[in-house]
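Observations on chain architecture
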Amino acid sequence: MSEGYRLMWKNLGLDLNAHDVLLDVLGKAYTDIYLSQKNRPEGMGYFDFVMSEVHGLRIQELLDEKAAGRKIVGSYCVFVPEEIVLSANATLVGLCSGAEFATEEVEKILPRNTCALIKSSFGFKLGKVCPYLECADMIVGENTCDGKKKSYEILNELVKRLYVMDLPQMKSPAGKELLKSEYYRFKSEMEHLTGATIDKERLKNSIDIVNNKRKAIHRLASLRKADPTPISGLDALLANQVFFYDNPARFTESVNKLCDELENRVESKTGVFPASAPRILISGCPMAVPNWKLPWIIETSGAVVVGEESCVGERGTRNLVDSTGNTVDELINAIVEHYFEIDCAIFTPNPDRIEHIVEMVKSYKADGVIHYGLQFCQPYTIESGKVEKELQNRKIPALRVETDYSQTDVGQLKTRVEAFIEMLK
Ligand code: BJ8
């Protein structure tokens, strides 16, 4: 990445030496995992560029937005509605939590048996290596799992402005009411942060912008149903990860351009893997940048990932928000309806998620499901037993894996994944 960015990083308060180490590791991982893939669509060139500039040009853009009076809001969860952020004249960015960093420091303030995602978010803060975190005017936390909600009490002491959103735990009428009142509270907070008034027009416009991103991602997902699939699971995951960082309009345009190319590939039956490659659906915890471990293991073991039942994937994007409402309240209701359908494992009970997994197996013609649980993630690892049982009942092969962000278990995981793929063949 260009030397010219060093001053920008320094002004943001990053630890330049630690940041150099992070960029080195990231760059090498990207080269080994992404650039070594064969027969990639040309449209992935855009995403390669985004990744090469993820701490450079994109940060410069955000700082330019700030200089022009826009606010930057960071979040860790798909329950934070981008529609409300955009309509307050602010930009939402997902905060990195997909790599280990400063683990020793983190474990001084969080228990060792905390999931890798939470530890990672703290590691990026304590290690001073995340320019997104440092340029955010406000960070939004959410009361989802216990690990997150308790750790936000500590994060609150480390960042300048943390706002915590309460979230329901049950899909009941009272749960929906809570979500609605929390989205109204968030709307007021955003208005207070930016000085903007969120009216009907602004909301409608923002709903359309975010829906367009989702429509492009739906188009990409649907092209992966083809056999052979025209794009690797790794590349499709990257597009889903960039969803959280990029300028929304540019992202939509780039994904649609990629899809134009993929349509031609589907027509000519050009695939990245042979048609006989077993098709895998990944289900479970979200995979934030640069967490590519499991899909990389799967796709270097002779199978292809055709879908992700995940918040960085279909769980977060599958439905659109109805933008036909005529009042702010009707539009907020539509936003609530949309987000209330997210079947995160923090909900109890959570039967819709299992139905969604089964529906995805059918529509993506998956041969098997690999359930991905992060170690110490109680919601997903506990729910994985139910998921596995239900899949067995329906004669869908399933493998449960539990892992973290380290590389120490790669060999062991690969052996299990290879055996599963052999069985599918
Ligand atoms: S809506 S999945 S993005 S909460 S892995 S931190 S659950 S212990 S990430 Fe999530 Fe929102 Fe739900 Fe999606 Fe806790 Fe589990 Fe860690 Fe997790």
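Within any chain, residue numbers begin from 1 and follow the written order of that chain's sequence. For a predicted model such as this one, the threshold for reporting local features is a pLDDT of at least 70, and the threshold for listing and counting side-chain atom pairs is 80 or more; totals across whole chains, interfaces and linings nevertheless cover every residue. Calculated side-chain values reflect all of the structure's heavy atoms, with hydrogen atoms and water omitted.

1. Considerations on empty space enclosed by the protein
A cavity here means a set of points on a 1 Å grid, drawn over the protein atoms and nothing else, where a 1.4 Å probe fits but cannot get out; a pocket is an open set with protein on both sides within 12 Å along at least five of seven lines, and a residue lines either one if it has an atom within 4 Å of a point. Grid points are joined across faces, edges and corners, and a volume is the space filled by probe spheres set on the points. In this structure the tally under the stated criterion is three cavities of 30 Å³ or more. When its volume is computed, the largest cavity comes out at roughly 80 Å³. Under the convention adopted here, Pro, Cys and the residues Ala, Val, Leu, Ile, Met, Phe, Trp and Tyr are nonpolar, Asp, Glu, Lys and Arg are charged, and Gly plus all remaining residues are polar. In terms of residue class, the lining of the largest cavity is built from eight nonpolar, one polar and no charged. Considering only enclosed or pocket space, the second largest cavity measures out at about 60 Å³ in volume. Secondary structure elements with two or more residues in the lining of the second largest cavity: α7 (116–126) and α9 (146–155). Counted by class, the lining of the second largest cavity contains six nonpolar, two polar and one charged residues. Numbering goes from the N terminus for both helices and strands, where a helix is a DSSP run of H or I of at least four residues and a strand is a run of E of at least two.

2. Points about the site of the ligand
In this text, near means that some heavy atom of the residue lies within 4 Å of the molecule or strand in question. What surrounds the ligand is a group of 16 residues, the closest being C115, C145, C311, C344 and C377. Looking at the shell around the ligand, its residues break down into 13 nonpolar, one polar and two charged.

3. Some remarks on the packing of α7 against α9
Where α7 contacts α9, the axes come no closer than 10 Å and their chain directions differ by 15 degrees. The orientation of α7 relative to α9 falls into the category roughly parallel. As for the relative orientation of α7 and α9, their crossing is right-handed in sense. Residue-level contacts link L117, I118 and F122 of α7 to G147, K148, S151, I154 and L155 of α9. Along the lines of polarity and charge, the residues of the contact of α7 with α9 split into five nonpolar, two polar and one charged. Under this scheme, a helix contributes an axis fitted over its contacting stretch, all axes are lines through C-alpha atoms, and angles between N-to-C directions fall in the 0 to 180 degree range. Roughly parallel here means an angle under 35 degrees, roughly antiparallel means over 145, roughly perpendicular means 65 to 115, and every remaining angle is called oblique. A clockwise turn of the near helix away from the far one marks a right-handed crossing, whereas an anticlockwise turn of less than a right angle marks a left-handed crossing. Pairs of residues are marked as contacts when any of their non-hydrogen atoms sit within 4.5 Å.

4. Remarks on the layout of surface pockets
Size it by volume and the second largest pocket reaches roughly 480 Å³. Taken together, 21 residues make up the lining of the second largest pocket; nearest its centre are V25, A29, P290, Y405 and Q407. Among the secondary structure elements, those contributing two or more residues to the lining of the second largest pocket are α2 (16–35) and α14 (293–299). The leading source of residues in the lining of the second largest pocket is α2, at eight residues. The residue inventory of the lining of the second largest pocket, partitioned by class, reads 12 nonpolar, four polar and five charged.

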